[in-house]
Amino acid sequence: MALTQFLYDPFTEFDRLFDDAFTSRFRPDSDEARHTTIRPKMNLVETKDNQVVVRFELPGVERGKVDIEVHNNRLTISGEKKTETQTDEARGRFVVRERSFGRFARTLQLPEGTKPEQVQAHMEQGILQVTFPKAPPEQETKIIPIEGPHKEKGSKK
């Protein structure tokens, strides 16, 4: 069974789009009010050695500011990317500000039976890599053949 069928939730994208569209109209323009909810981009790979590797883009986030939790077979990556503060008047004011700041979170469904100690994480240069085993062979989908009616001995059907 491919793990990827559990991961994409289109309603999360719709929620994010509506939040961006409507909150930006009513949000004050001050720098302090620019905190948003960030949804880190990720790549998910099923390896040949029966592992799943997920890589999250977290540029500018320190390793100690990221939380990884496993609860009810769900892996949650969360944290906060703090805004830059401008206390030096000589630096001026922002004319264009496109970088995102705020809280972030992503949740993935883990295969049944995954133990928290089987989840490993490593972070380097703004990329968080989380590795866990795919569903063990006994939990993968098994196709059951459907048989026809049994013929009784001596029956001429």
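Residues numbered from 1 in each chain as written. Predicted model: local features only at pLDDT ≥ 70, side-chain atom pairs only at ≥ 80, totals over all residues. Heavy atoms only, no water.

### Quick notes on the packing of aromatic side chains
The geometry of an aromatic ring pair is captured by two quantities: the separation of the ring centres and the angle between the planes. Tallied over the entire structure, the rule returns zero aromatic pairs. One residue, Lys81, lies across the ring of Phe101, its end atom 5.6 Å from the ring centre. (Phe/Tyr/Trp six-rings, centres within 6.5 Å; stacked < 30°, edge-to-face > 60°. Lys NZ or Arg CZ within 6 Å of the ring centre and 35° of its normal.)

### A look at the environment of Thr114
Note on placement: Thr114 falls in the loop between β6 (102–109) and β7 (120–124). Along the backbone, Thr114 and Phe132 are 18 residues apart, and their C-alpha atoms lie at a distance of 7.8 Å. (Helix = DSSP H or I, 4+ residues; strand = E, 2+ residues; numbered from the N terminus.)

### A short note on the sheet that holds β7
Taking strand neighbours across the sheet as the criterion, the four strands line up as β2-β3-β8-β7 in an open arrangement whose pairing is antiparallel. In the strand order of this sheet, the two ends are held by β2 (42–46) and β7, each with one partner. The mean inter-strand angle of the sheet, taken between neighbouring strand axes irrespective of direction, is 15 degrees. Looking at chain direction, β7 and strand β8 (residues 127–133) are connected through five bridges and run antiparallel. (Pairing = 2+ DSSP bridges. Axes fitted to C-alpha atoms, helices over the stretch in contact; angles between N-to-C directions.)

### Structural notes on the confidence of the model for the protein
Per-residue confidence for the protein gives a mean pLDDT of 77; residues scoring 70 or more make up 66%. Taking the mean pLDDT of every element in the protein, the minimum, 63, falls on helix α1 (residues 10–26) and the maximum, 95, on β7. A low-confidence stretch, residues 1–6 stays under pLDDT 50, and its non-local contacts, those more than four residues away or across chains, total twelve contacts. With pLDDT under 50 throughout, residues 28–34 is counted as low confidence; its partners more than four residues away or in other chains account for seven contacts. (pLDDT = per-residue confidence, 0-100. Contact = heavy atoms within 4.5 Å.)

### Observations concerning the pairing of β8
Counting buried positions along β8 yields five of seven residues, so the element is predominantly enclosed. Pairing geometry for strand β3 (residues 51–57) and β8, over seven bridges, is antiparallel. Bridged to Val54 within β8 is Val130. (Buried < 20%, exposed > 50% of the residue type's maximum accessible area, 1.4 Å probe, protein only.)

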